[in-house]
Amino acid sequence: MEIEQRLGLYQVFLKLYEHHQSLLDEILQLEYTGNKVLSSFATRYVTGVIQDRQAYLVSNLIDGRTQKLLQSQGIWTIGRDRNLALAICDRRLSRHHAVIQYVSNEGFYLVDLDSTNGSFVNKEPVHGRVRLKDGDRIRLSSIAFSFFLCDEAQLLDDVPPDLLAQLNTLQKTALPAHSKESQLVISSSDREHASTTGKEDKDTALFLNCKPDLEQQGGSPATAPLNPAQQSQILDRFFRQQVQKTSRSS
């Protein structure tokens with residue numbers, strides 16, 4: 001029975017690898033790394049802002065850095081082409097995949113540019129254009145991000161005097177970066193860090209040796225490729241999990 005289950009599981013992975021090799025490779029990479037490296041890049045977003053009749057985008061889709069994107073025509077093109085407003089280096093995207101367009105007195109729209117792998121808003125395919133709402137979930141091929149809309153501004157009251165005085169006191173008592181006290185604290189921390197050896201140093205060295213592959217990960221750091229032995233170990237772990245689920249349900 002165990003051999004049959006193992007063969008069945010391997011056949012599933014072989015079919016996945018045959019028809020969706022890139023997807024299976026990414027799954028194996030995420031399982032192998034425990035998703036620790038890529039988790040910090042999981043939250044992607046685009047915010048459409050309307051301020052004083054001017055519209056612009058704020059996004060971290062480009063290299064994972066938050067940027068303010070101004071475009072005089074209110075058209076932000078997304079795709080694989082390096083010259084686009086939102087250029088994302090991912091082979092599954094079309095060169096000109098989609099557009100976020102602002103229409104005065106209406107709002108922001110997502111427009112699919114007859115892309116190969118499609119555009120989706122809240123899991124629904126986009127045919128033509130779709131008006132975007134605050135909190136919409138957008139997927140362009142395998143690139144997913146949230147869309148937020150900011151079209152209102154609120155003027156807040158002044159901070160109470162007691163809170164302002166407390167902040168001023170904290171600011172005065174804070175140690176300057178060049179003070180002797182802060183240098184002593186930093187030196188003590190450095191000595192403590194230098195005295196630690198073992199697993200942390202090895203992990204740090206391995207992390208520093210990992211070089212990013214922007215072409216394959218769309219701007220996210222890539223992990224080292226898995227060899228056949230590592231892939232086999234992962235498949236074995238999946239198999240053991242499946243066997244445990246089967247034994248519990250029986």
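Being a predicted model, the structure only gives us computed values, none of them experimental. (Residues numbered from 1 in each chain as written. Predicted model: local features only at pLDDT ≥ 70, side-chain atom pairs only at ≥ 80, totals over all residues. Heavy atoms only, no water.)

**A short note on the confidence of the model for the protein chain**
When pLDDT is averaged along the protein chain, the result is 76, and 58% of the positions lie at 70 or above. Segment residues 35–41: pLDDT under 50, and seven contacts once partners within four positions in sequence are set aside and those in other chains are kept. (pLDDT = per-residue confidence, 0-100. Contact = heavy atoms within 4.5 Å.)

**Considerations on the nonpolar core**
In terms of nonpolar packing, the biggest core is built from 24 residues, with Leu57, Ile100, Phe108, Leu110, Ile138, Leu140 and Phe145 touching the most fellow members. Secondary-structure elements contributing two or more residues to this core are strand E2 (54–59), strand E4 (75–79), strand E6 (98–103), strand E7 (107–112), strand E11 (136–140) and strand E12 (143–150). Excluding residues within four positions of it along the chain, Leu57 makes contact with Val46, Thr47, Gly48, Gln67, Lys68, Leu69, Trp76, Leu86, Ile100 and Phe108. (Core = buried A, V, L, I, M, F, W, Y, C linked by side-chain atoms within 4.5 Å. Buried < 20%, exposed > 50% of the residue type's maximum accessible area, 1.4 Å probe, protein only. Helix = DSSP H or I, 4+ residues; strand = E, 2+ residues; numbered from the N terminus.)

**Regarding the sheet that holds strand E10 (residues 129–131)**
In space, the five strands of this open sheet follow the order E5-E4-E6-E7-E10, with mixed pairing throughout. Looking at which strands have only one partner, the edges of the open sheet turn out to be strand E5 (86–87) and E10. Note that E6 and E7 share six bridges and pair antiparallel. What sits directly across from Val99, in E7, is Val111. (Pairing = 2+ DSSP bridges.)

**Some details on the packing of aromatic side chains**
For the coordinates displayed, the defined rule picks out three aromatic pairs. Measuring from centroid to centroid gives 6.2 Å for Trp76 and Phe108, while their planes differ by 40°, and the two rings are tilted. With Trp76 in strand E4 and Phe108 in strand E7, this residue pair connects regions lying 32 residues apart in the sequence. On the accessibility criterion, Phe108 (1% relative accessible area) is buried. For the pair Tyr102 and Phe108, a centre-to-centre distance of 5.1 Å together with 50° between the ring planes defines the contact as tilted. Between the NZ or CZ atom of Lys68 and the centre of the ring of Tyr56, over which it lies, the distance is 4.4 Å. (Phe/Tyr/Trp six-rings, centres within 6.5 Å; stacked < 30°, edge-to-face > 60°. Lys NZ or Arg CZ within 6 Å of the ring centre and 35° of its normal.)

**Structural notes on the environment of Arg92**
Mapping Arg92 onto the fold places it in the loop between E5 and E6. Polar side-chain contacts of Arg92 include one of 2.6 Å to the side chain of Ser142. (Polar contact = N/O pair within 3.5 Å; in protein donor to acceptor, adjacent residues only side chain to side chain.)

**Details of unusual backbone geometry**
Most peptide bonds take the trans configuration, and most residues that are not glycine carry a negative phi. Positive phi, close to 50°, is recorded for Asp52, a residue that is not glycine. Examined against the element boundaries, Asp52 turns out to sit in the loop between strand E1 (45–51) and E2. Among the residues examined, Asp52 registers a relative accessible area of 74% and is labelled exposed. Residue Asn105 is not a glycine yet carries a positive backbone phi of 65°. Inspection of the secondary structure puts Asn105 in the loop between E6 and E7.

**Examining the pairing of E4**
For E4, the buried fraction is high: four of the five residues fall into the buried class. Relative to E6, E4 runs antiparallel, the two being bridged by four bridges. The residue bridging Thr77 from the neighbouring strand is Val99, located in E6. Pairing analysis gives two bridges linking E4 to E5, with the strands arranged parallel. Its bridge partner being in E5, Ile78 is matched across the sheet by Leu86.

**Brief notes about the pattern of salt bridges**
Scanning the entire structure with this criterion turns up three salt bridges. The shortest N-O distance in the salt bridge between Asp81 and Arg95 comes to 3.0 Å. Taken together, the residues Asp81 in the loop between E4 and E5 and Arg95 in the loop between E5 and E6 connect sequence positions 14 residues apart. The partner of Lys133 in a salt bridge is Asp136, and the shortest N-O contact between them spans 3.6 Å. (Salt bridge = Lys/Arg side-chain N within 4 Å of Asp/Glu carboxyl O.)

**Concerning the sheet that holds E1**
Strand order in the open sheet formed by seven strands is E3-E2-E1-E12-E11-E8-E9, and the pairing between neighbours is mixed. With partners counted over all chains shown, the strands left at the sheet margins are strand E3 (67–69) and strand E9 (124–125), one partner each.

**Thoughts on a nonpolar patch on the surface**
Taken together, the side chains of Val159, Leu163, Leu164, Leu167 and Leu170 present a nonpolar region at the surface, about 430 Å² in accessible area. Mapping Leu167 onto the fold places it in helix H3 (residues 161–173). (Patch = residues over 30% accessible without salt bridge, like charges linked within 9 Å, V, L, I, M, F, W, Y side chains within 5 Å. Areas by Shrake-Rupley, 256 points an atom, 1.4 Å probe, with all protein chains shown as cover.)

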